[in-house]
Amino acid sequence: MFEEENFVLGHLRYKKHKKKIPIYLHPPDNDIHISRVLLNGRSWEENNLRKAVEVMDQYPDATFMDIGAHVGVYSLTLASLGHKVIAIDCFKDNIERLCASAKLGNFSKNMYIIHNALSDKKEMVVVRKSSPSNIGGNTIVTKSSSKMIDGKQDITGSIETVQSIRFDDLLKVIDIKSAVLKVDVEESEHNVLKGAETFFRSVNVHFVIMEFHTHKSRVSGKFILDFMNQHAFQPVLPMGVSLTNQNDWPWDVQWSKRKKT
């Protein structure tokens, strides 16, 4: 049983719905960016969410894959519209809320909810708290990369440990023929792609929405660009923004398949 006082019931608002979509949130002081915004009656990442719905409407047989689902803004919206959804998150408190929301909204038949981290290796990883007020910023680190202090691993800020899996591993347990992806995993987006080579070769991925701002001037950013280019994706950028100047790219980048010539 969950602690009901920590499960704050809010609602998502989407224009295609006459009714609001129920969503269990964190207390707003613990999650100032997503839960607080939604409880104040505003929307979260409205432009990206609108694009996700638009693309899924174009490809209704696709699976929407919400990597770093948090409490399920994207997952619950797409599931409520009848789309098949796979929601993955590494943080147990988010997964519990997602499950409770899916049950309350009667969306469970459209959703797989998976409690794992996605990375390039299968191993146990540590979930670390970003700050007391930003649950959405929680990160994962491998145990092997943790600093050693007096011969012991430094697990400062550790909340829980969880198994990491590769994107490719999902194909062993779920039949996925085509997909639309949202990837927001707090600086680990490149590691998700490193574990997704087979997935991108065997699944028809139509569109990707990815948090990119932390990778702009890093080696990880070059890896992401090379990976997406290799798999025939191009960034969809605002008017006037150069393809070659990643420092001017938006916080989140949308990627579409290049048209075959």
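Residues numbered from 1 in each chain as written. Predicted model: local features only at pLDDT ≥ 70, side-chain atom pairs only at ≥ 80, totals over all residues. Heavy atoms only, no water.

## Concerning the overall build of the protein chain
Rules: Helix numbering and strand numbering both begin at the N terminus, where a helix is a DSSP run of H or I of at least 4 residues and a strand a DSSP run of E of at least 2. Relative accessibility under 20% of the residue-type maximum defines a buried residue, over 50% an exposed one, and the middle range a partly exposed one, all with a 1.4 Å probe and only protein chains included. Here, residues are in contact when the closest pair of their heavy atoms is within 4.5 Å.
Looking only at helices and strands, the protein chain has seven helices and 15 strands in total. Projected onto its principal axes, the C-alpha coordinates of the protein chain cover approximately 55 × 55 × 40 Å. In the protein chain, buried positions account for 50% of the 261 residues. Considering only intrachain contacts with a sequence separation of at least 6, the fraction spanning at least 24 residues in the protein chain is 68%.

## Description of the side chain of asparagine 134
As for its position among the elements, asparagine 134 is in the loop between strand E7 (123-128) and strand E8 (139-142). Not counting residues up to four positions away in its chain, the partners in contact with asparagine 134 are Asn30 and His33.

## A closer look at helix H7 (residues 219-230)
Applicable threshold: What a helix should span is 1.5 Å times the count of its residues minus one.
In this model H7 runs 16 Å from its N-terminal to its C-terminal C-alpha over 12 residues, within 8% of the 16 Å that 1.5 Å per residue would give. As for H7, its buried residues are in contact with helix H5 (189-194), helix H6 (197-202), strand E13 (204-211), strand E14 (233-236) and strand E15 (252-257). Once H7 ends, the next one or two residues include alanine 232, with phi positive near 70°.

## Observations regarding the packing of helix H2 (residues 46-58) against helix H3 (residues 73-80)
The line we're drawing: The angle between two axes is taken between their N-to-C directions and runs from 0 to 180 degrees, where each axis is a line fitted to C-alpha atoms and a helix contributes only its stretch in contact. In this scheme, a crossing is called left-handed if the near helix is turned counterclockwise away from the far one by less than a right angle; it is called right-handed if the turn is clockwise. Lys, Arg, Asp and Glu make up the charged group, whereas Ala, Val, Leu, Ile, Met, Phe, Trp, Tyr, Cys and Pro make up the nonpolar group; the residues left over, Gly among them, are polar.
Direction vectors running N to C along H2 and H3 enclose 35°, while the axes themselves pass 11 Å from each other. When you trace H2 past H3, the crossing you get is right-handed. Residue-level contacts link Asn48, Leu49, Ala52, Val53 and Met56 of H2 to Val73, Tyr74, Thr77 and Leu78 of H3. Classifying every residue of the contact of H2 with H3 gives seven nonpolar, two polar and no charged.

## Let's talk about the sheet that holds E8
This is how the line gets drawn: Two strands are counted as paired when DSSP detects at least two bridges linking them.
The mixed open sheet is built from four strands, whose spatial order is E6-E11-E7-E8. Of all strands in the sheet, those with a lone pairing partner are strand E6 (117-118) and E8, marking the two edges. Where E7 and strand E11 (residues 158-165) come together, six bridges link them in antiparallel fashion. Pairing of valine 126 across the sheet is with threonine 161, part of E11.

## Section: the sheet that holds strand E4 (residues 84-89)
The mixed open sheet is built from seven strands, whose spatial order is E5-E4-E3-E12-E13-E15-E14. Looking at strand neighbours, the two that pair on one side only are strand E5 (111-115) and E14, the edges of this open sheet. Adjacent strand axes in the sheet meet at a mean angle of 20° when their direction is disregarded. As judged from the six bridges shared by strand E12 (residues 178-183) and E13, these two strands associate in the parallel manner. In the sheet register, alanine 179 faces E13, and the bridge partner there is valine 205.

## Here we look at the pairing of E5
Cut-off, in case you're wondering: Every crossover in which the path from the first strand over the helix to the second runs clockwise, viewed with the strands pointing away from the viewer, is termed right-handed.
Two strands pair when backbone bridges link them, and E4 and E5 are joined in this way by five bridges, in the parallel orientation. Residue pairing in the sheet places valine 85 in a bridge with methionine 111 of E5. At this point the chain moves from E4, through helix H4 (residues 92-105), to the parallel E5, and the crossover so formed is right-handed.

## Some points on the packing of aromatic side chains
Quick note on the threshold: Under the pairing criterion, centres of Phe, Tyr and Trp rings, with the six-membered ring standing for Trp, must be within 6.5 Å; the plane angle then separates stacked pairs below 30 degrees from edge-to-face pairs above 60, leaving the rest tilted. In this scheme, Lys NZ or Arg CZ marks a charge over a ring once it lies within 6 Å of the ring centre and within 35 degrees of the ring normal.
Taken as a whole, this structure holds nine aromatic pairs when the rule is applied. Ring centres of phenylalanine 212 and tryptophan 249 lie 5.3 Å apart, and the angle between their planes is 35°; on these two criteria the pair is classed as tilted. Residue phenylalanine 212 is found in the loop between E13 and H7, and its partner tryptophan 249 is found in the loop between E14 and E15; the two are separated by 37 residues along the sequence. Given a relative accessible area of 3%, tryptophan 249 falls into the buried group. Where phenylalanine 223 meets phenylalanine 227, the ring centres are 6.0 Å apart and the plane angle is 35°; that geometry is what we call tilted. Of this pair, phenylalanine 223 and phenylalanine 227 both sit in helix H7, separated by four residues, roughly a single helical turn. Phenylalanine 223 gets classed as partly exposed once you look at its relative accessible area, which sits at 28%. Chaining the aromatic ring pairs together yields one cluster made of Phe167, Phe199, Phe200, Phe223, Phe227 and Phe233. Above the plane of the ring of phenylalanine 7 lies arginine 97, whose end atom (NZ or CZ) is 4.1 Å from the centre. Just above the ring of phenylalanine 223 sits the side chain of lysine 194; from NZ or CZ to the centre is 5.5 Å.

The values reported here are purely geometric and, on their own, carry no functional implication.
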